[in-house]
Each structure stands twice: as structure tokens, then as C-alpha cells.
Amino acid sequence: MSHFDADLIIIGAGPAGLTAALYGARANLKTLVIEQLASGGQALVIDVLENYPGNAGQLDASGKILSGPKSGYEFAMDLHRQAENFGASFLTGFASSLKKEEDVFSVYLSDEKTLKAAAVIIATGSKPRLLDIPGEKEFAGRGVSYCATCDGNFFRGKKIFVAGGGDAACDEARYLSNLTDKITIVHRRDSFRAQKALAERTLNNPNIKVRFNTVIKEIKGGQKVKSVILSDTKTERVYEEETDAVFIFAGTVPQTQLVCGEINVNLDENGYIITDQNMAANISGLFAAGDVRSGAFRQVVTAAADGAMAAHKAAEYIDGINSRNKN
């Protein structure tokens, strides 16, 4: 396979891509990871990664806590170093299109460079879903945010609205509650979708007010956010309240543009890549892992498991190609 730039190319360096890189390199594959921004993906915005197995922090001999669980950033940096130590290489770039001819994948980068590999893992993840309401885009970066750990400190002691009802909304609201006691979380349904422990913690937090059956209809302001227009989904009452910031956690959109062009990959009705239990897509040699995959439980631990399985099966696929070429 000397004519390839890599045996295995992994596109995306979140927990799924980084774990795939680690396992690919350990399998003695020439492994290359392409990432547009920075390693870590959405894990970078996790303040405390408290639900990853084994990440409980450190205790001294007496049981006294020396340090708590790692942050998502610390965890991601450890994964990156670990993958590099096993021999994986990293390239900063944007993969704009993908093609397969016979047993060769071609990954086209935005700088007009083309890289060839025997197998590819798509681990491009997802991005925050917009509410798509008036004022959201206009006030992005001026009071509208999708990352509490990135922007929360700008609103210490201020009034904040949080939109959403899943794990991310509850977790990020908890983080913000350490910065201010003026948080209101609104959710369009009559109960949270978050895991039970997260939901109960949010409901019992004295710094967080919860309004179910409520949606944000508009974000208003001048140079920065000043108020929100709210609507009660049951009574249809519309009213306005002052606020300094709106943090939005309304789900995610899969980053699958790469497989919607030259290469015909099967997607589900929401645009996520359909795979089998081996993380294999409908095109041989192409795998998907993490948040971009259909049916995934979108957690760091399952993204890592996806990445390990994808790399393992990619190695088996490449071994099959090598054996076939020898015969």
C-alpha cells in the first residue's frame, strides 16, 4: 500500500476520531487524522466530565479528594497525546469531498490537496441546532451563545435564559448556576428529555428556575441582548422578559456534507450516517463513528466505543485487501 498517503484516514478529531486514531495506530496502520479546528470536538466545552468511566479524580491514602474529574479539554488532550504516542499523525485541514474508485479512497482538501487511503472513518460529529428565530443570528456573540464554558464568565451575576431540555441544556445550566443565581431554563415540553439524574439535579438547583411548555419566540436588543419574547405552548400567552444572555442547547445537526456529494452514503431521515453494528456504512471500507452516526447515544463514552470498533473493523478490511492483492 505504498501508493497510499495513509492506510486509514480519520476525518474529525473528537472523542470518536481520537479513539479511532489510537486503535488504528495500535493495529500498525499508517493512520492520519484530519481536523478542521482543534482536537476534542464537542468534548472541549464540557466543564466536568463526570460520567466517563474511571474519570473520578484522585484521592490520597486517607480518601481525601486531591482533584476532581478531568474536564472535557483535559480528557481530549490526553486522548490526542495517546494517539500520537502510538504513531497516529494529525493534519489541520478541511475535507471538502470524498470519492472511492476500486479499493482507493480519495479525500479532497479545501487547499486542493488530495490524500489517498485504503479505508476512511467519518467522525465529523455534529454542530448545535439553531432555534431559527428572529434575533438569534443577529445577536450571536453579543448575548446569544451555544457554549456555557466558552461564554458563561461574561455573564457572571447576570440574568440568563437557557433554551433546551436534554442532557446538554441541563448540564450547561448547572455550569452557569455557579456563575449566577438568575437562570431560567425553558423547554417546549412538560418534562426534561435529559437523563434522570441530570434532570433532577436541574430541578433541585436553587439558582435555576424551570419553565416547561415554554418557547423563545424572539431575541431582542440593541448592541447586545436585552430581552426575549416567550410563548406558553399551552395557553398561547406571549410575553416579554428582560435578560442579559440566551444560551441555546436545542439539539445538534450532523456534519455529513462530506458524504453527500461524489460518494453515495446512506443517511437516515435526520441526515445521520446509517451503519451496521461494526460502524460500517453501505460502501465497503467506509466507517462512521460518534455523533455523526445514526442511532448513536451521544455521549463521550459511546463515541469512544464507536471509534474503537470502527478502527478495529477498518484494520480487518485493510487486511482483507492486502490478502487479496497477494493472491
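Residues numbered from 1 in each chain as written. Predicted model: local features only at pLDDT ≥ 70, side-chain atom pairs only at ≥ 80, totals over all residues. Heavy atoms only, no water.

Draft legend 1. Quick peek at the sheet that holds strand β11 (residues 160-163). With parallel pairing, 5 strands are arranged side by side in an open sheet as β10-β17-β11-β12-β13. Bordering the open sheet on either side are β10 (144-145) and β13 (208-212), each of which pairs with just one other strand. Two elements, strand β12 (residues 183-187) and β13, share 5 bridges in a ladder whose sense is parallel. In the sheet register, Thr-184 faces β13, and the bridge partner there is Lys-209. (Pairing = 2+ DSSP bridges. Helix = DSSP H or I, 4+ residues; strand = E, 2+ residues; numbered from the N terminus.)

Draft legend 2. The arrangement of the sheet that holds strand β16 (residues 238-242) in detail. Read across the sheet, 3 strands follow the order β14-β15-β16 without closing on themselves; strand pairing throughout is antiparallel. Single-partner strands in this sheet number two, and they are β14 (214-221) and β16. In this sheet, neighbouring strand axes are inclined to one another by 25 degrees on average, regardless of whether the strands run parallel or antiparallel. (Axes fitted to C-alpha atoms, helices over the stretch in contact; angles between N-to-C directions.)

Draft legend 3. Layout of the side chain of Asp-268. Among the structural elements, Asp-268 can be located in the loop between β18 (252-254) and β19 (286-288). Within the local environment of Asp-268, its side chain forms a polar contact with the backbone nitrogen of Asn-270, the two atoms lying 2.9 Å apart. When residues no more than four places from it in sequence are discounted, the contact partners of Asp-268 are Ile-274 and Ser-294. (Polar contact = N/O pair within 3.5 Å; in protein donor to acceptor, adjacent residues only side chain to side chain. Contact = heavy atoms within 4.5 Å.)

Draft legend 4. Broad picture of the packing of helix α1 (residues 15-26) against helix α2 (residues 72-85). Contact geometry of α1 with α2 gives a least axis separation of 8 Å together with a crossing angle of 25 degrees. Considering the angle they form, α1 stands roughly parallel to α2. Crossing of α1 over α2 shows left-handed handedness. Between α1 and α2, the residues in contact are Pro-15, Leu-18, Thr-19, Ala-21, Leu-22 and Ala-25 and Ala-76, Leu-79, His-80, Gln-82 and Ala-83, respectively. (Parallel < 35°, antiparallel > 145°, perpendicular 65-115°, else oblique. Left-handed = near helix turned anticlockwise from the far one by under 90°.)

Draft legend 5. Representation of empty space enclosed by the protein within the structure. For the coordinates displayed, the defined rule picks out 1 cavity of 30 Å³ or more. Here the largest cavity defines a volume of roughly 30 Å³. For the largest cavity, the full set of lining residues is Cys-170, Arg-174, Leu-198, Arg-201, Thr-202, Asn-205 and Ile-208. Where the lining of the largest cavity is concerned, the elements lending two or more residues are α4 (167-176) and α5 (196-203). (1 Å grid on protein atoms, 1.4 Å probe; cavity = no way out; pocket = protein on both sides within 12 Å on 5 of 7 lines; lining within 4 Å. Points joined across faces, edges and corners; volume = space filled by probe spheres on them.)

Draft legend 6. Representation of the nonpolar core. Membership of the largest hydrophobic core comes to 35 residues, with the highest contact counts inside it found for Leu-8, Ile-10, Ile-121 and Phe-287. Where this core is concerned, the elements lending two or more residues are β1 (6-11), α1, α2, β8 (114-122) and α6 (300-326). If one sorts the elements of this core by residue count, α6 sits on top with 9 residues. If we ignore the near neighbours within four places in the chain, the residues touching Ile-10 are Gly-17, Ala-20, Ala-21, Thr-31, Leu-32, Val-33, Ile-34, Ile-121 and Ala-123. Of all hydrophobic cores here, the second largest spans 24 residues; its members include Ala-6, Leu-109, Ile-122 and Ile-273. (Core = buried A, V, L, I, M, F, W, Y, C linked by side-chain atoms within 4.5 Å. Buried < 20%, exposed > 50% of the residue type's maximum accessible area, 1.4 Å probe, protein only.)

Draft legend 7. Highlighting unusual backbone geometry. Positive phi, close to 60 degrees, is recorded for Asp-132, a residue that is not glycine. Mapping Asp-132 onto the fold places it in the loop between β9 (126-128) and β10. Positioned with a positive phi, Glu-236 is a non-glycine residue whose angle comes to about 65 degrees. Structurally, Glu-236 can be placed in the loop between β15 (225-232) and β16. You can call Glu-236 exposed: its relative accessible area is 66%.

Draft legend 8. Examining the layout of surface pockets more closely. Roughly 260 Å³ of internal volume is contained in the second largest pocket. The set of elements that each furnish at least two residues to the lining of the second largest pocket consists of β12 and β14. Top element by residues in the lining of the second largest pocket is β14. It accounts for 3 residues. The residue makeup of the lining of the second largest pocket, split by class, is 8 nonpolar, 4 polar and 2 charged. (Nonpolar A, V, L, I, M, F, W, Y, C, P; charged D, E, K, R; others polar.)

Draft legend 9. Expanded view of the environment of Leu-176. In this structure, Leu-176 sits in helix α4. In this structure, the C-alpha to C-alpha distance between Leu-176 and Gly-157, residues 19 residues apart in sequence, is 9.7 Å. Every residue in contact with Leu-176, bar those within four places of it in the chain, is listed here: Ala-148, Gly-152, Ile-160, Val-162, Ile-183 and Phe-247.

Draft legend 10. Seen up close, the packing of aromatic side chains. Following the criterion strictly, the structure yields 3 aromatic pairs and no others. On the basis of an interplanar angle of 50 degrees and a centroid distance of 4.7 Å, the ring pair of Tyr-52 and Phe-75 is categorised as tilted. Residue Tyr-52 is located in the loop between β2 (31-35) and β3 (58-59), and its partner Phe-75 is located in helix α2; the two are separated by 23 residues in the primary sequence. The class of Phe-75 is buried, set by a relative accessible area of 11%. A ring pair is formed by Phe-192 and Phe-212, whose centres lie 4.9 Å apart and whose planes are at 70 degrees; its orientation type is edge-to-face. (Phe/Tyr/Trp six-rings, centres within 6.5 Å; stacked < 30°, edge-to-face > 60°.)

Draft legend 11. Spatial organisation of the environment of Asp-190. Examined against the element boundaries, Asp-190 turns out to sit in the loop between β12 and α5. Separated by 21 residues in sequence, Asp-190 and Arg-211 have C-alpha atoms that sit 8.6 Å apart. Those residues in contact with Asp-190 that sit more than four places away from it in its chain are Phe-212 and Asn-213.

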